[in-house]
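Secondary and tertiary structure notes
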Amino acid sequence: GEVCFYRSLLHRPYLLRPASHGKHPFPESRRVCVEAALNDLRLRKEYARVLSKEQLAQSFGGAYALFNSAIVVGMSLLIGFSLGERIDTADLNERIGYLQNFITQLRRNFDAGNVDASAEREQMVIEVLVSRLEPFLPRDLAKRSRGELAAAKGSMRATMMQDPIRRSQLGL
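Now for a description of the structure that goes with this document. (Residues numbered from 1 in each chain as written. Predicted model: local features only at pLDDT ≥ 70, side-chain atom pairs only at ≥ 80, totals over all residues. Heavy atoms only, no water.)

For helix α6 (residues 117–133), built from 17 residues, the straight-helix expectation of 24 Å at 1.5 Å per residue is met to within 8% by its first-to-last C-alpha distance of 24 Å. Buried within α6 are the following residues: Ala119, Glu120, Glu122, Gln123, Ile126, Leu129, Val130 and Leu133. Capping of α6 at its N-terminal end is provided by Asp116; its side-chain oxygen lies 3.2 Å from the backbone amide nitrogen of Ser118. (Helix = DSSP H or I, 4+ residues; strand = E, 2+ residues; numbered from the N terminus. Expected span 1.5 Å × (residues − 1). Buried < 20%, exposed > 50% of the residue type's maximum accessible area, 1.4 Å probe, protein only. Polar contact = N/O pair within 3.5 Å; in protein donor to acceptor, adjacent residues only side chain to side chain.)

Structure below.
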């Protein structure tokens, strides 16, 4: 898990370089970054079936690694769509599924009262990413993603309202 995370992290700056003349400037780094993020998410999914939460945390690190992989997967879709690349349905469904799983995990954390500044920022980043992806997605996928985000937002607000310090910061 950590190897995938660090490999993706090392190539991520090159993934984010702007395209010129309809081509990505670092296609090999883009491929490696996305492959590493997808492998991380696939491994997490597979091991989640057999390992406890504690064992998963030890094997795959903290939430930041999961956030990184989800963002890389989402950004790869956005870049591919903006370059006019055709993304096959199975690949699109897999990648959107990982984004939706991340959003669902955020919602579970919010429902459990596990909200901190990092989780709030992650939720906002994912929200912007999904809103940028929506015009490119089939209607049913976009609708599902919006629904998951709305549920996560509601959970986050409810959790924040239970915290007296947060309520006072919001002026409530």
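One finds Leu92, Ile96, Ile126 and Leu133 to be the most contacted residues of the largest nonpolar core, which totals 22 residues. Of all the elements in the fold, those that place two or more residues in this core are α4 (63–82), α5 (89–111) and α6. In terms of residues, this core owes the most to one element, α5, which gives 7 residues. If we skip the residues at most four places from it in the chain, Leu133 touches Gly74, Leu77, Leu78, Phe81, Ile96 and Leu99. Of all hydrophobic cores here, the second largest spans 11 residues; its members include Cys33, Val34, Leu41 and Val73. (Core = buried A, V, L, I, M, F, W, Y, C linked by side-chain atoms within 4.5 Å. Contact = heavy atoms within 4.5 Å.)

Glancing now at the packing of α4 against α5. The geometry of a pair of packed helices is captured by two quantities: the angle between their axes and the separation between those axes. Look at α4 against α5: their axes get within 9 Å of each other, and the N-to-C directions meet at 140°. Regarding the angle of α4 to α5, the classification is oblique. Crossing geometry of α4 relative to α5 is assigned as left-handed. Residues Leu66, Phe67, Ala70, Val73, Gly74, Ser76, Leu77 and Phe81 of α4 form the contact with α5, whose participating residues are Leu92, Arg95, Ile96, Leu99 and Phe102. Among the residues making up the contact of α4 with α5, the classes are represented as 10 nonpolar, 2 polar and 1 charged. (Axes fitted to C-alpha atoms, helices over the stretch in contact; angles between N-to-C directions. Parallel < 35°, antiparallel > 145°, perpendicular 65-115°, else oblique. Left-handed = near helix turned anticlockwise from the far one by under 90°. Nonpolar A, V, L, I, M, F, W, Y, C, P; charged D, E, K, R; others polar.)

Purely geometric numbers; function is a separate question.
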